[in-house]
Amino acid sequence: LDCNDISARCMLTIFQFFATKTDASKLRMLNGSPKERLLKPITDYVEARGGRLHIRWGCREVMYEDGPDGTPVVTGLRVSKAGEE
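The written sequence of each chain sets the order in which its residues are numbered from 1. Owing to the predicted nature of the model, reporting of local features is limited to residues with pLDDT of at least 70; listing and counting of side-chain atom pairs is limited to 80 or more, with chain, interface and lining totals taken over all residues. Based on all heavy atoms of the structure, the side-chain values leave hydrogens and waters out of the count.

S.K.: Hey, could you go over the pattern of salt bridges for me, with residue numbers and the actual values?
M.R.: For salt bridges, the criterion is a side-chain nitrogen of Lys or Arg within 4 Å of an Asp or Glu carboxyl oxygen. In total, this model carries two salt bridges according to the counting rule given. Salt-bridge contacts for Asp44 lead to Lys40; the nearest nitrogen and oxygen are separated by 3.0 Å. Highlighted residues: Asp44 and Lys40, both in helix α2 (residues 34-48), separated by four residues, approximately one helical turn. A salt bridge links Arg78 to Glu61, with the shortest nitrogen-to-oxygen separation between them at 3.3 Å. Taken together, the residues Arg78 in strand β2 (residues 72-81) and Glu61 in strand β1 (residues 57-66) connect sequence positions 17 residues apart. Overall, the relative accessible area of 39% leaves Arg78 in the partly exposed class. Only protein chains enter the accessibility calculation, which uses a 1.4 Å probe; a residue is then buried when its area is under 20% of its type maximum, exposed when over 50%, and partly exposed in between. What makes Glu61 partly exposed here is its relative accessible area of 37%. Numbering goes from the N terminus for both helices and strands, where a helix is a DSSP run of H or I of at least four residues and a strand is a run of E of at least two.

Laid out in structure tokens, this is it:
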């Protein structure tokens, strides 16, 4: 499926499942390791568009404004190191 055709909630649920199941590849749910078959494509997608992943940082707040057509537009993220506020 194309990323534009599915909900982010769906992707987050799937990602959370595979991130917590170290034996996911043994369950035949992934054809290979989660690092290579799940995380690498997501990382490549984000980085190809100029984004960066900070895996030891947590998102505390998503900042947004209403766009010209009334839909929210993300303007920034408030982040902190894991375990800090």
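Read on, since the account is not over.
S.K.: If you had to explain α2 to someone new, which residues and values would you point to?
M.R.: By definition here, a helix of n residues has an expected span of 1.5 Å times n minus one. When the terminal C-alpha atoms of α2 are compared, their 20 Å separation across 15 residues agrees well with the 21 Å that a helix rising 1.5 Å per residue should span. Bending is quantified residue by residue as the angle between axes fitted to the seven-residue window ending at that residue and the seven-residue window starting at it. The largest bend in α2 amounts to roughly 35 degrees and is located at Lys40, with the proline Pro41 lying one to four residues further along. The positive-phi residue at the C-terminal boundary of α2 is Gly50, with phi of around 90 degrees.

S.K.: Tell me about the packing of aromatic side chains, residues and numbers included.
M.R.: Each aromatic pair joins two rings of Phe, Tyr and Trp (for Trp, the six-membered one) with centres within 6.5 Å, and gets the label stacked for planes under 30 degrees apart, edge-to-face for over 60, and tilted for any other angle. Tallying each qualifying case throughout the model produces zero aromatic pairs. Any Lys NZ or Arg CZ found within 6 Å of a ring centre and within 35 degrees of that ring's normal is scored as a charge over the ring. Above the plane of the ring of Tyr45 lies Arg49, whose end atom (NZ or CZ) is 3.6 Å from the centre.

S.K.: A description of the pairing of β1 should follow, citing residues and the corresponding values.
M.R.: Whether two strands pair depends on DSSP finding at least two bridges between them. Sheet topology places β1 next to β2; nine bridges connect them, and they run antiparallel. Residue pairing in the sheet places Met63 in a bridge with Gly76 of β2. Counting the residues in the hairpin turn of β1 and β2 gives five residues, including Gly70, whose phi is positive at 90 degrees.

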